[in-house]
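Given next are the chains, with one letter for each unit.
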Amino acid sequence: MENTEQIRDSGGWLKRYTHASTSCHCDMTFSVFLPPQAESQEVPALYYLSGLTCTDDNVRSKAGAQRYAAEHGIALVMPDTSPRGDDVADDPDRYDLGKGAGFYVNATEAPWASHYQMYDYVTGELPALVESTQPVIKGVKSITGHSMGGHGALICAIKEKNSYRSVSAFSPICNPVNCGWGEGCLGSYIGADKNTWRQWDACELLRDGNACPPMLVDQGDADNFLADQLNTPELIKISEQKGLDANIRMQKDYDHSYYFIASFIGEHIAFHAKHLHR
């Protein structure tokens, strides 16, 4: 693992690493923010999964999350959104498939399967690497994300039972089996059988009776993807039907951008801090 960047930030350190991934079979990049408390003790970790077309750089440069993480004594772990490299499959004519669009699933179809194992990377390889090299408390973690990353955060929290103490999301793709982004990515990565897609869909996993840790979701009502891609009302309906510990908030006049995320990231980190420090 190579430390390629180290920046003083909010009393702590913002670091970037590259490493050879055994899950994705390529070099992967991720960023870590260590709060000032990490200089004298191990701290819990919050994983942030970014959205379509993003890298680890979007959240660390646009969300303003580090100052809140410093206040609450939480490390932020920010992975990339897909495998990268010259030999990694891509569709250069599409922004919503291939590099920058890993969708946090384990691909089973060619040419994607050899590298696009983002679920295993995010839930297994990356936490093991972080916990063995950084001053974080082993096994004490929560997860959040935006858009495609919100989808990723939800499915990770649901599928990895008892692994995450809490989950939150900004504008998540809630029901990908029923939207264009989900159909395009799941159909390519997983294959044509829609029954197999359900294991990568938060609403379908909850509908099937899977548990979920405490959840916070923020969705802007001026988000231009809300009606066609995100399916937030379906998540609200299922959460109410199942009696989940879920707070799903519609935020008036907010869109899909990082201005929206920056407006509420402090509340999300405080939400996770309550569960991470319990």
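Being a predicted model, the structure only gives us computed values, none of them experimental.

**A look at the pairing of strand β3 (residues 26-34)**
- β3 sits mainly inside the fold: seven of its nine residues count as buried.
- Where strand β2 (residues 12-21) and β3 come together, nine bridges link them in antiparallel fashion. What sits directly across from Thr18, in β3, is Thr29.
- Linkage of β2 to β3, two consecutive antiparallel strands, is achieved through a turn of four residues, within which His25 is found at a positive phi near 55 degrees.
- Bridge analysis of β3 against strand β5 (residues 75-79) gives four bridges, and the strand direction is antiparallel. The residue bridging Phe33 from the neighbouring strand is Leu76, located in β5.

**Notes on the pattern of salt bridges**
- Counted under the stated rule, the structure contains 16 salt bridges.
- A salt bridge links Asp57 to Arg60; the shortest N-O distance between them is 2.9 Å. Of this pair, Asp57 and Arg60 are both found in helix α1 (residues 57-62), three residues apart, which corresponds to roughly one turn of the helix.
- Using a relative accessible area of 10% as the deciding quantity, one classes Arg60 as buried.

**Comments concerning the environment of Pro35**
- Its location among the elements puts Pro35 in the loop between β3 and β4 (43-49).
- For Pro35, a relative accessible area of 1% translates into the label buried.

Rules and cut-offs
- Residues numbered from 1 in each chain as written.
- Predicted model: local features only at pLDDT ≥ 70, side-chain atom pairs only at ≥ 80, totals over all residues.
- Heavy atoms only, no water.
- Buried < 20%, exposed > 50% of the residue type's maximum accessible area, 1.4 Å probe, protein only.
- Helix = DSSP H or I, 4+ residues; strand = E, 2+ residues; numbered from the N terminus.
- Pairing = 2+ DSSP bridges.
- Salt bridge = Lys/Arg side-chain N within 4 Å of Asp/Glu carboxyl O.

Interpretation in functional terms is not warranted from these geometric data alone.
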